[in-house]
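# Coordinate inspection notes
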Amino acid sequence: MMKTAVQQTTDQWGDKEEREVLTFDLAGETFAFDATMVQEILDLLPETAVPGARPFVGSVINFRGKVIPLADIRLAFGMAATKPTIDSRIIVAELEIEGEATLVGVRTDKVHEVTTLSRAARENPPSIGMRWRADYIDCLVKRGADFVIIPNLNEIFSAKRDAAAAA
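Residues numbered from 1 in each chain as written. Predicted model: local features only at pLDDT ≥ 70, side-chain atom pairs only at ≥ 80, totals over all residues. Heavy atoms only, no water.

### Structural notes on the pattern of salt bridges
Test applied: Here a salt bridge means any side-chain nitrogen of Lys or Arg lying within 4 Å of a carboxyl oxygen belonging to Asp or Glu. Each helix is a run of DSSP H or I of at least 4 residues and each strand a run of E of at least 2, with the numbering of both proceeding from the N terminus. Buried residues are those whose accessible area, probed at 1.4 Å on protein chains only, stays under 20% of the maximum for their type, while exposed residues exceed 50% and partly exposed ones sit between those limits.
Counted by the stated rule, this structure contains 9 salt bridges. D138 is the partner of R19 in a salt bridge, and the nearest nitrogen-oxygen pair spans 3.2 Å. Taken together, the positions of R19 in strand β1 (residues 18-26) and D138 in strand β11 (residues 137-143) put the pair 119 residues apart, joining distant regions of the chain. Taking the relative accessible area as the measure of exposure, R19 reaches 5% and is therefore buried. Exposure remark for D138: the relative accessible area of 1% places this residue in the buried category. Across the salt bridge formed by R143 and E113, the nearest N and O atoms sit 3.3 Å from each other. One end of the pair, R143, is in strand β11; the other, E113, is in strand β9 (residues 110-118), with 30 residues separating them in the sequence. Here E113 falls in the partly exposed class, since its relative accessible area comes to 38%. Via salt bridges that share partners, E47, D72, R74, R107 and D109 belong to a single interconnected network.

What follows is the structure, given as structure tokens:
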């Protein structure tokens, strides 16, 4: 399984030495999405609950006339749900799920900036000592004294979708 995680990390970086990302906070941790997948950053919008949906994708929003799922990936990582604040935002990202481009809204505590991360500072998630599933993390990137967590969104959404289908 670790070999797969390493392969995914390598594939995501391709042959690039740097990666432009949008950084944001979730429960006091800094996460990042590839800047190329980000469509828009929104203030919080009215949500419509979806009965029977998994908690981490328990609602939908209207994005430019399209109904898209709104995910709280902190729940996928086992973090506690939090109340929105004045800094809370929704990142609309385009993911490829089962070969199809899919828009997803992701609730965040605060959006920071678009920045460049270096491939040389990248590390695979440790196989032990992590409080989250290692397959949900593409890699960790050292930035100053801290780490930026790059989640593996395809794994998060695929695993949750498969679990919902099996239930």
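There's more to say after this.
### As for the pairing of strand β5 (residues 59-63)
Note the threshold: Each pair of strands is called paired provided DSSP finds at least two bridges between the two strands.
With burial as the criterion, only one face of β5 is covered, namely that bearing S59, I61 and F63; the residues V60 and N62 on the opposite face remain uncovered. Bridge analysis of strand β4 (residues 48-49) against β5 gives 2 bridges, and the strand direction is antiparallel. By the bridge assignment for β5, T48 is matched with V60.

### Topic: the nonpolar core
Put simply, the rule is: In this text, buried Ala, Val, Leu, Ile, Met, Phe, Trp, Tyr and Cys residues form a nonpolar core when linked through side-chain atoms within 4.5 Å. Should any heavy atoms of two residues lie within 4.5 Å, those residues are counted as being in contact.
Membership of the largest hydrophobic core comes to 28 residues, with the highest contact counts inside it found for F31, F33, I73, F77, L153 and F157. Of all the elements in the fold, those that place two or more residues in this core are β1, β2 (29-34), α2 (73-76), β7 (89-97), β8 (100-108), β11 and α3 (153-166). A per-element tally of this core places β7 first, with 4 residues. Those residues in contact with I73 that lie beyond four places of it in its chain are L26, F33, F56, V106, P151 and L153. Membership of the second largest hydrophobic core comes to 9 residues, among which are A121, C139, V148 and I150.

### Quick look at the sheet that holds β8
The 6 strands lie next to each other as β3-β7-β8-β6-β5-β4, forming an open sheet whose pairing is mixed. Each of the sheet's edge strands pairs with one partner strand only, and the pair in question is β3 (38-43) and β4.

### Focus on the pairing of β8
Here 2 bridges tie strand β6 (residues 66-71) to β8, and the two strands are oriented parallel to one another. Looking at the pairing, A71 lines up with V106 of β8. Summarising the sheet, β7 and β8 pair through 9 bridges and their orientation is antiparallel. Each bridged residue has a counterpart across the sheet, and for E94 the counterpart in β8 is L103. What sits between the antiparallel neighbours β7 and β8 is a turn of 2 residues, in which E98 has the positive phi angle 50°.

### A closer look at the packing of aromatic side chains
For clarity, the cut-off: Ring pairs shown here join Phe, Tyr and Trp side chains whose ring centres sit within 6.5 Å, with only the six-membered ring taken for Trp; geometry is labelled stacked below 30 degrees between planes, edge-to-face above 60, and tilted in between.
By the definition in use, this model includes 5 aromatic pairs. Taking the centre distance of 5.5 Å and the plane angle of 55° together, the rings of F31 and F77 count as tilted. In this pair, F31 sits in strand β2 while F77 sits in the loop between α2 and β7, placing the two residues 46 residues apart along the sequence. A relative accessible area of 0% places F31 in the buried class. Aromatic pair F77 and Y136: ring centres 6.0 Å apart, planes at 90°, arrangement edge-to-face.

### Examining unusual backbone geometry
The phi torsion at A27 lies on the positive side, around 50°, for a residue other than glycine. With respect to the element layout, A27 can be found in the loop between β1 and β2. A residue is classified by how much of its surface remains accessible, and A27, at 41% relative accessible area, is partly exposed. For R64, which is not a glycine, the phi torsion comes out positive at approximately 55°. With respect to the element layout, R64 can be found in the loop between β5 and β6.

Any link to function would need more than the numbers given here.
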